[in-house]
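Chain by chain, the residues:
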Amino acid sequence: MVFYFKARPDVGDFTIFMGLDKHENEELIKYGFPEDIWFHVDKMSSAHVYVRMKRGQTIDDISEGNKVNNVDVVYTPWYNLKKTASMDVGQIGFHNSKMVRTVRVEKRINEVVNRLNKTKVERTPDLKAEREAVNAAERAERKLQLRDKKRREEMERLDKERQAEIRSYKGLMVSEKMTSNKQIASASKSLQELEDDFM
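Residues numbered from 1 in each chain as written. Predicted model: local features only at pLDDT ≥ 70, side-chain atom pairs only at ≥ 80, totals over all residues. Heavy atoms only, no water.

**Some points on the environment of leucine 28**
Link 1 in the chain: Looking at the secondary structure, you find leucine 28 in helix 1 (residues 22–30).
Link 2 in the chain: The class for leucine 28 is buried, based on a relative accessible area of 3%.
Link 3 in the chain: For the pair leucine 28 and valine 2, spaced 26 residues apart in sequence, the C-alpha separation works out to 9.0 Å.
Link 4 in the chain: Dropping the residues within four chain positions of it, leucine 28 is found in contact with Val2, Phe17, Met18, Gly19, Tyr50, Trp78 and Leu127. (Helix = DSSP H or I, 4+ residues; strand = E, 2+ residues; numbered from the N terminus. Buried < 20%, exposed > 50% of the residue type's maximum accessible area, 1.4 Å probe, protein only. Contact = heavy atoms within 4.5 Å.)

**Quick look at the side chain of arginine 131**
Link 1 in the chain: Structurally, the position occupied by arginine 131 is in helix 3 (residues 127–167).
Link 2 in the chain: Buried charge without a partner: arginine 131 forms no salt bridge, and the closest opposite charge is glutamate 138, 4.7 Å away.
Link 3 in the chain: Among the polar contacts listed, one links the side chain of arginine 131 to the backbone oxygen of glycine 32, at a separation of 3.0 Å.
Link 4 in the chain: Among residues more than four places away in sequence, those in contact with arginine 131 are Tyr31, Gly32, Phe33 and Pro34. (Lys, Arg positive; Asp, Glu negative; His and termini not counted. Salt bridge = Lys/Arg side-chain N within 4 Å of Asp/Glu carboxyl O. Polar contact = N/O pair within 3.5 Å; in protein donor to acceptor, adjacent residues only side chain to side chain.)

**A few points about the nonpolar core**
Within soluble globular proteins, side chains that are nonpolar generally end up buried alongside one another.
Link 1 in the chain: If you look at the biggest cluster of nonpolar residues, it comprises 16 residues, and the most contacted ones within it are Ile37, Phe39, Val51, Val73 and Tyr75.
Link 2 in the chain: At the level of elements, strand 1 (2–6), strand 3 (36–41), strand 5 (71–77) and strand 8 (101–105) are the ones that each hand at least two residues to this core.
Link 3 in the chain: Among the nonpolar cores identified, the runner-up in size contains 13 residues, and Val2, Ile29, Trp38 and Tyr50 belong to it. (Core = buried A, V, L, I, M, F, W, Y, C linked by side-chain atoms within 4.5 Å.)

**Describing the environment of histidine 95**
Link 1 in the chain: With respect to the element layout, histidine 95 can be found in the loop between strand 7 (93–94) and strand 8.
Link 2 in the chain: Discounting residues that sit within four places of it in the chain, histidine 95 has contacts with Tyr79, Asn80, Leu81 and Lys82.
Link 3 in the chain: A polar contact is formed between the side chain of histidine 95 and the backbone oxygen of leucine 81, at a distance of 3.1 Å.

**Thoughts on the pattern of salt bridges**
Link 1 in the chain: The final tally for this structure, using the stated rule, is seven salt bridges.
Link 2 in the chain: Between aspartate 36 and arginine 52 there is a salt bridge, and its shortest N-O distance comes to 2.6 Å. Taken together, the positions of aspartate 36 in strand 3 and arginine 52 in strand 4 (residues 49–52) put the pair 16 residues apart, joining distant regions of the chain.
Link 3 in the chain: Taking relative accessible area as the criterion, arginine 52 reaches 23% and is therefore assigned partly exposed.
Link 4 in the chain: Several salt bridges converge on common partners, so that one network encompasses Glu154, Arg157 and Glu161.

**Comments concerning the pairing of strand 1**
Link 1 in the chain: With four of five residues buried, strand 1 lies mostly within the body of the structure.
Link 2 in the chain: Judged from the five bridges that link them, strand 1 and strand 2 (residues 15–19) form a sheet pairing that is antiparallel. Considered in strand 2, the bridge of valine 2 is made with glycine 19.
Link 3 in the chain: Bridge count between strand 1 and strand 9 (residues 121–123): three bridges; the pairing is antiparallel. When the sheet's bridge partners are listed, phenylalanine 3 is paired in strand 9 with glutamate 122. (Pairing = 2+ DSSP bridges.)

**Quick word on helix 1**
Link 1 in the chain: Residues of helix 1 that are buried include every one of Glu24, Asn25, Leu28 and Ile29, and no others. Relative to the axis of helix 1, the buried residues are bounded by an arc of 145° and lie together on one face.
Link 2 in the chain: Where helix 1 is buried, its residues touch strand 1, strand 2, strand 4, strand 6 (81–82) and helix 3. (Arc of directions from axis to C-beta.)

**Some words on the packing of aromatic side chains**
Link 1 in the chain: Summed over all chains, the structure comprises three aromatic pairs.
Link 2 in the chain: Summarising the aromatic geometry, the rings of phenylalanine 17 and tyrosine 50 are spaced 5.4 Å apart at their centres and angled 10° between planes, so their arrangement reads as stacked. Of this pair, phenylalanine 17 sits in strand 2 while tyrosine 50 sits in strand 4, and the two are 33 residues apart along the sequence.
Link 3 in the chain: Judged by relative accessible area, which is 4%, phenylalanine 17 ranks as buried.
Link 4 in the chain: A ring pair is formed by tryptophan 38 and phenylalanine 94, whose centres lie 5.6 Å apart and whose planes are at 65°; its orientation type is edge-to-face. Of this pair, tryptophan 38 sits in strand 3 while phenylalanine 94 sits in strand 7; the two residues are 56 residues apart in sequence, bridging distant segments of the chain. (Phe/Tyr/Trp six-rings, centres within 6.5 Å; stacked < 30°, edge-to-face > 60°.)

And the structure:
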């Protein structure tokens, strides 16, 4: 079971979600998105909470709220979470501790907690399938971008060839377009007619 919340549904803001227990936390750790930001109350047993950012948003776009007073909340991008085989279920570490931020929350803001609770939805998602669908969409987008890039490069190459052809003298000295003196003489024109044609 995963609990989903909307931070500010009136403006279509972030989706917040958390697992029911440490086993769901394992799935959330395993199948997170690069846009996800992981939160946990420092030095306390608490849920792993995630905020799903929109593309282009950063960790700096997040504002804070809390359920209890005087707690430190640690947060970091999902891709900074490190899970090893020796860790207990639900336990994590970090790849880069410099990417972990801590914020001191002095006072519970009931208005925020109440607003979040009104948006609470319980679902049993297939996290693996969601992640695979996102991966497939990203691969398709990269493939399309690569195809467009190759097409642009081919158009540029053809254009350069055309420009080089225009600048070259190859088109001026084509034997089919030339007339020899013998051909002129065989046309049985007199010297006067040839001079008149020239002028």
